[in-house]
Amino acid sequence: MMIREAVTIFEEKSIIVRQQQFEENQYILTLKAPKASQKALPGEFAFIDCGKQVFLRRPLSYLRTNAENQWVEFLYRIVGPGLKALSQLQPGDEVDLMGPIGNGFRYDKTHQIPVLIGGGVGIPPVLFLAEYLKSLNQGHSPVAFFGSETPFPFSVIKSSMSIDGIENGASIIDMEEKNIPCRLASLSGLEGCHKSFVTDLADQWIKTLDQKDLSRLAIYACGPEPMLRSTAKLARSYGVDCQISLEEFMACATGGCAGCTVKVSLPEGKIMQRVCVDGPVFDAQMIYPDD
């Protein structure tokens, strides 16, 4: 079974249900979006209108969807005028949403061990994937590692689940409730977090696995570029598959402007591909072949 690579892009009017504000200008936005809630999958993103005063939309990865109640969620952090304008919109306000867009995460095995590595505002697509795979009830055993240098915009509690090679510590309550082992990392002294890079934390656990489990392992990651580069190196060191979701500025999100291109290594050589429609998920070795 595999998450599809081609999606139908919808344009729909959506209504803001809730704006939750967290520390360090972080927000979780909930939108009533009937079409997107039925179709969006982990790793795909939406192109969201930020209000009448902002010309360009902003790309945001789906954090969660709820088809029954017809809502979708996004996590964002204010980094410019567009997202600041979005944060000022209130429940009941209407915004245009285009999505789902792009090629999301792929999986092709049951009983796989997915390792989810997320950093900062790159956490949403991998958290979504962890919960999605768990809900399929097809033998997947996801393990999640999240890192942040600002307080996590989720409820954090001490984990009740052990992870071999790693001392107990904090976890996100959503992971605990879905019985997904999770550990948090930070170099900023956040309570309950392991003082390390998130990739080092994942490495501690992977070292404990035997060859049979390693053969079932696949890594999925999203976060800042240095974290993704380290994740690709980690995957290479163990000889396991790794998919990464890239974050880039976009003007159109439909491939027309080619403003979000990245260099990709293919067997026939290096070419430029568009993050919006050729990605945002790529094989890690295509992006970081020589690290």
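Please refer to the structure higher up on the page.
Since this is a predicted model, take the numbers as computed values, not measurements.

Reading the values: the criteria
- Residues numbered from 1 in each chain as written.
- Predicted model: local features only at pLDDT ≥ 70, side-chain atom pairs only at ≥ 80, totals over all residues.
- Heavy atoms only, no water.
- Phe/Tyr/Trp six-rings, centres within 6.5 Å; stacked < 30°, edge-to-face > 60°.
- Helix = DSSP H or I, 4+ residues; strand = E, 2+ residues; numbered from the N terminus.
- Buried < 20%, exposed > 50% of the residue type's maximum accessible area, 1.4 Å probe, protein only.
- Salt bridge = Lys/Arg side-chain N within 4 Å of Asp/Glu carboxyl O.
- Pairing = 2+ DSSP bridges.
- Axes fitted to C-alpha atoms, helices over the stretch in contact; angles between N-to-C directions.
- Contact = heavy atoms within 4.5 Å.

A. Looking closely at the packing of aromatic side chains. Under the counting rule described, the total for this entry stands at four aromatic pairs. Taking 5.3 Å as the distance between ring centres and 10° as the angle between the ring planes, the aromatic pair formed by Tyr27 and Tyr76 counts as stacked. Residue Tyr27 is found in strand β2 (residues 26-32), and its partner Tyr76 is found in strand β5 (residues 71-77); the two are separated by 49 residues along the sequence. Here the two residues Tyr27 and Tyr76 agree in accessibility, since each one is buried. Geometrically, the ring pair formed by Phe145 and Trp205 is tilted, given 6.2 Å between the ring centres and 40° between the ring planes. Placement of the pair is Phe145 in strand β8 (residues 143-147) and Trp205 in helix α5 (residues 198-206), with a sequence separation of 60 residues. Across the pair, Trp205 and Phe145 agree in class, each one buried.

B. Local environment of the pattern of salt bridges. For the structure on display, the rule yields 12 salt bridges. Across the pair Glu73 and Arg64 runs a salt bridge, and its minimum N-O distance is 3.3 Å. Classification of Glu73 by relative accessible area gives buried; the value is 6%. A salt bridge links Arg216 to Asp213, with the shortest nitrogen-to-oxygen separation between them at 3.5 Å. We classify Arg216 as partly exposed; its relative accessible area is 26%. By sharing partners, the salt bridges in this structure join Arg18, Arg64, Glu73, Glu131, Asp174 and Lys178 into a single network.

C. Looking closely at the sheet that holds β8. A sheet is described by the order of its strands in space; here six strands give the open sequence β11-β8-β7-β12-β13-β16, paired in mixed fashion. Only two strands of the sheet have a single partner each, and these edge strands are β11 (182-185) and β16 (281-283). In this sheet, adjacent strand axes meet at a mean angle of 20° when their direction is disregarded. Bridging between strand β7 (residues 113-119) and strand β12 (residues 217-222) involves six bridges; their strand directions are parallel. Among the inter-strand pairings, Ile117 is bridged to a residue of β12, identified as Ala221. Together, β7, β8 and β12 form the strand contacts of helix α3 (residues 123-136), whose direction differs from that of β7 by roughly 155°. Packing against the sheet, α5 makes contact with β7, β8, β11 and β12, and its axis sits at approximately 155° to β8.

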